[in-house]
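# Report on the structure
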Amino acid sequence: MHGLRKVVVTGLGCISPVGNDLDSTWTGLTSGQNGINTVSHFDASDLPTQIAGEANGFDPETRLGAKEIRRMDRFIQLGLCAGLEAFEDSGIDLERVDRNQIGVLIGAGIGGLDTIESTTRLLAEKGPRKVSPFYIPSSIINMVSGNLSIMLGLRGPNLAVVTACTTGTHAIGEAARMIALGDAEVMIAGGTEAPITPTSLAGFAAAKALSRRNDDPTVASRPWDLERDGFVMGEGAGVMVLESEAHAKKRRSRIYAELSGYGVSGDAHHMTQPAPGGEGAARCMTSALRSASISTDTIDYVNAHGTSTPLGDLAETLALKTVFREHAGQIMVSSTKSMIGHLLGAAGGVEAVATVKSIFHQIIPPTINLHKPDPECDLDYVPHASREVVIRSALSNSFGFGGTNGTLVFSSITS
């Protein structure tokens, strides 16, 4: 964000289908671990799609009390645990900072569907007197930010973003803007989602958005593969601590990377389909690069939206070619969704965390399941195995229903 205060990443937290914390998720992603399986949260046998990326083994009691857990939908629990991990990872001492200058911006694309579904059934079966007084605060999206603010006593900006599958990216980007403009010194930002419920799976399946490879879930998410047939739903949360560079250096913090650019755009085309040729995505990436004030040839890696849908993967490929032209063939592009599925509102958060880790460790996670490359998708998608490479700057892309697009640019602090 050229001309404004520099924003850096000092803390990371993550829960995903391949790990219940940052370290296990990163190990899972770099080793090509697959987190997709048959749904176990409920009986999905009567649904067209019966597979998903569940955060199995996630235990909210590692960070939250039993009383709190009962009053929170799963998406809030995931977001809070990832947020608390990121805050601890940052090493911020609350006794040595101004809490009025620390805020929270964590969003979700859908929110408390499980709570909404169960409460609707309860109302129909037993009447309104059985509805919990915690029904609303346990299911609305801004309560992730609200609860984290209360738990840590953070009195800075407290808000949420809701932009479908671009939510996590927009949350991080808007939080960075607040720091760059001087509205806060520190922001805890990201996305969370727990969408694996009967109505959610049924709704996305009815829209023909989901893979129906129920007989072989481990290969169902296959971005850029000729035989891709839709995305696989996942759950989890990705959260990071952003700080003004001056604030981070003053407390001698470890800095993972700089958040150097942020772009947004709208397709103005269709509710669910990308604009032809990825035109909206291309404008978004161009805007992010302009914001970072860096040239296209300094981008070494793109953590792609890469959902494994026929139209989406092609549109993103074409958008990358439009933006990077002859340099597109030299850029490494991978989709961590091949391993964990599409986490909807949490996707941008988890993928931004993965992108920052890639820069910090100079390792790119692979795209797995790319066995029959689509001839129209002909970039370097880092198939099958991770790579140790030099990464100066990287993009993290997210695109959502309604034609909403977001791109983050992260840069190495040594570049």
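Above: the structure in question.
A short tour of the structure in this document, coming up. Quick caveat: nothing in here was measured; it's all calculated off a predicted structure. (Residues numbered from 1 in each chain as written. Predicted model: local features only at pLDDT ≥ 70, side-chain atom pairs only at ≥ 80, totals over all residues. Heavy atoms only, no water.)

Attention shifts here to the overall build of the protein. Per the secondary structure count, the protein includes twelve helices and 14 strands. Its C-alpha radius of gyration of 20 Å places the protein within 12% of the 22 Å reference for a compact globule of 415 residues. Expressed along its principal axes, the backbone C-alpha trace of the protein runs to roughly 65 × 55 × 40 Å. Of the contacts made within the protein by residues no fewer than 6 positions apart, 79% connect residues no fewer than 24 positions apart. A total accessible area of about 15700 Å² is found for the protein, and carbon and sulfur atoms account for 52% of it. Averaging the positions of the 34 positive and the 44 negative side-chain charges in the protein gives two centres separated by 5 Å. (Helix = DSSP H or I, 4+ residues; strand = E, 2+ residues; numbered from the N terminus. Rg over C-alpha atoms; globule rule 2.2 N^0.38 Å. Contact = heavy atoms within 4.5 Å. Areas by Shrake-Rupley, 256 points an atom, 1.4 Å probe, with all protein chains shown as cover. Lys, Arg positive; Asp, Glu negative; His and termini not counted. Charge placed at Lys NZ, Arg CZ, Asp CG, Glu CD.)

Within a regular beta strand, the side chains point alternately toward one face of the sheet and then the other, so they alternate between its two faces. Taken across its eight residues, strand β14 (residues 404-411) has eight buried, putting it largely inside the fold. Here strand β8 (residues 257-266) runs beside β14; their pairing, made up of eight bridges, is antiparallel. Its bridge partner being in β14, Gly263 is matched across the sheet by Thr407. Pairing geometry for strand β13 (residues 393-400) and β14, over eight bridges, is antiparallel. (Buried < 20%, exposed > 50% of the residue type's maximum accessible area, 1.4 Å probe, protein only. Pairing = 2+ DSSP bridges.)

Attention shifts here to the sheet that holds β13. What the ten strands build is an open sheet, ordered β5-β4-β6-β7-β1-β8-β14-β13-β9-β10; its pairing is mixed. The strands lining the two open edges of the sheet, one partner per strand, are β5 (158-159) and β10 (332-334). Note that strand β9 (residues 299-303) and β10 share three bridges and pair parallel. Bridge pairing links Tyr301 to Met332 in β10. Its contacts with the sheet put helix α5 (residues 143-152) on β4 (102-107), β5 and β6 (186-193), and the angle it makes with β4 is roughly 150°. (Axes fitted to C-alpha atoms, helices over the stretch in contact; angles between N-to-C directions.)

In contact at an axis separation of 5 Å, helix α6 (residues 167-180) and helix α12 (residues 347-361) are set at 65° when each is read in the N-to-C sense. From α6, Gly168, Thr169 and Ile172 reach across to α12, where they touch Gly348, Gly349 and Ala352.

A few words on the side chain of Arg213. Inspection of the secondary structure puts Arg213 in the loop between α7 (198-206) and β7 (236-244). Contacts of Arg213, omitting those with residues within four sequence positions, involve Ile51, Val219, Ala220, Arg222, Glu227 and Asp229.

Attention now moves to the packing of aromatic side chains. Throughout the structure, instances matching the rule amount to four aromatic pairs. Measuring from ring centre to ring centre gives 5.5 Å for Phe204 and Phe231, while their planes differ by 75°; the resulting arrangement is edge-to-face. With Phe204 in helix α7 and Phe231 in the loop between α7 and β7, this residue pair connects regions lying 27 residues apart in the sequence. A centroid spacing of 4.1 Å and a plane angle of 10° characterise the contact between Trp224 and Tyr381, whose relative ring orientation is stacked. Highlighted residues: Trp224 in the loop between α7 and β7 and Tyr381 in the loop between β11 (363-364) and β12 (387-388), separated in sequence by 157 residues. Among the aromatic residues, those joined into a ring-pair cluster are Phe204, Phe231 and Phe401. (Phe/Tyr/Trp six-rings, centres within 6.5 Å; stacked < 30°, edge-to-face > 60°.)

Assignment of secondary structure puts His170 in helix α6. On the accessibility criterion, His170 (7% relative accessible area) is buried. In terms of polar contacts, His170 uses its side chain to reach the side chain of Thr163, at 2.8 Å. Residues in contact with His170, not counting those within four places in the same chain, are Val161, Thr163, Tyr262, Val264, Thr404, Asn405 and Gly406. (Polar contact = N/O pair within 3.5 Å; in protein donor to acceptor, adjacent residues only side chain to side chain.)

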